Amino acid sequence: MSNIDTVLKEAMQIDGAIGVALVDHTSGMTLGQAGGNTLNLEVAAAGNTEVVRAKLRTMETLRLREAIEDILITLDTQYHLIRLITDKSGTGLFLYLALDKQRSNLAMARHKLANLERTIEI
């Protein structure tokens, strides 16, 4: 039984959360989203899919045999966190979380997103 909606709602409780989406990086499509009133999560999901693909290609070229935990993009007023799903049932998926820099604690947000990633059931 999937708990995607529950996980996305809990992610929106992270201080400073603007929007969150569960994204398939093979297609760039969202499987679910929450928030995002000031941010087009569909466009963000597609764009961040390219970021994930580029990093995976680079790691393959460098022959790095490690897993990506998360990717952080820092903007003037926002943090964008990309957390790859590590569970076998979530292969090819990532959680994308946009945060308001002024209202968030980056370390706490990363910790909470990692915990949510471990609880997601696809």
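Residues numbered from 1 in each chain as written. Predicted model: local features only at pLDDT ≥ 70, side-chain atom pairs only at ≥ 80, totals over all residues. Heavy atoms only, no water.

The name an unreviewed UniProt entry gives the protein chain is Roadblock/LAMTOR2 domain-containing protein, with Kineosporia corallincola as the organism.

Novice: Break down unusual backbone geometry for me, citing the residues and quoting the values.
Specialist: Not every positive phi belongs to a glycine, and Arg63 is a case in point at roughly 60 degrees. Structurally, Arg63 can be placed in the loop between α2 (41-61) and β3 (70-74). Relative accessible area serves as the criterion here: at 66%, Arg63 is assigned to the exposed category. (Helix = DSSP H or I, 4+ residues; strand = E, 2+ residues; numbered from the N terminus. Buried < 20%, exposed > 50% of the residue type's maximum accessible area, 1.4 Å probe, protein only.)

Novice: Which residues make up the sheet that holds strand β4 (residues 78-84), and what are the values?
Specialist: The five strands are arranged β2-β1-β5-β4-β3 in an open sheet whose pairing can be described as antiparallel. Among the strands making up the open sheet, the edge pair consists of β2 (30-35) and β3. Shown here is a sheet whose adjacent strand axes are inclined to one another by a mean of 10 degrees, direction ignored. The pairing of strand β1 (residues 17-24) with β2 spans five bridges and is antiparallel. Within β2, the residue paired with Val23 across the bridge is Thr30. (Pairing = 2+ DSSP bridges. Axes fitted to C-alpha atoms, helices over the stretch in contact; angles between N-to-C directions.)

Novice: Quick one: what's the story with the nonpolar core, residue by residue and with numbers?
Specialist: By size, the foremost hydrophobic cluster in this structure holds 20 residues, and its most contacted members are Leu22, Leu97 and Leu99. When contributions to this core are tallied by element, the ones reaching two or more residues are α1 (4-11), β1, β4, β5 (93-100) and α3 (106-119). Not counting residues up to four positions away in its chain, the partners in contact with Leu99 are Ile14, Asp15, Gly16, Ala17, Ile18, Thr77, Gln78, Tyr79, Leu81, Ser104 and Ala109. Grouped together as the second largest cluster of nonpolar side chains are 16 residues, Leu41, Ala44, Ile82 and Leu84 included. (Core = buried A, V, L, I, M, F, W, Y, C linked by side-chain atoms within 4.5 Å. Contact = heavy atoms within 4.5 Å.)

Novice: Describe the side chain of Gln78, listing the residues and the values that go with them.
Specialist: Within the fold, Gln78 resides in strand β4. Polar contacts involving the side chain of Gln78 include one to the side chain of His80, which spans 2.7 Å. Setting aside chain neighbours within four positions, we find Gln78 in contact with Ile18, Ile73, Leu99 and Lys101. (Polar contact = N/O pair within 3.5 Å; in protein donor to acceptor, adjacent residues only side chain to side chain.)

Novice: Describe the side chain of Glu117, and please don't skip the residues or the numbers.
Specialist: Among the structural elements, Glu117 can be located in helix α3. Judged by relative accessible area, Glu117 falls into the buried class, the value being 2%. If we skip the residues at most four places from it in the chain, Glu117 touches Arg83, Leu84, Ile85, Thr86, Asp87 and Leu95.

Novice: Which residues make up the environment of Gly19, and what are the values?
Specialist: Examined against the element boundaries, Gly19 turns out to sit in strand β1. For Gly19, a relative accessible area of 0% corresponds to the buried category. Each C-alpha atom of the pair Gly19 and Leu97 lies 5.9 Å from the other, and the pair is 78 residues apart in sequence.

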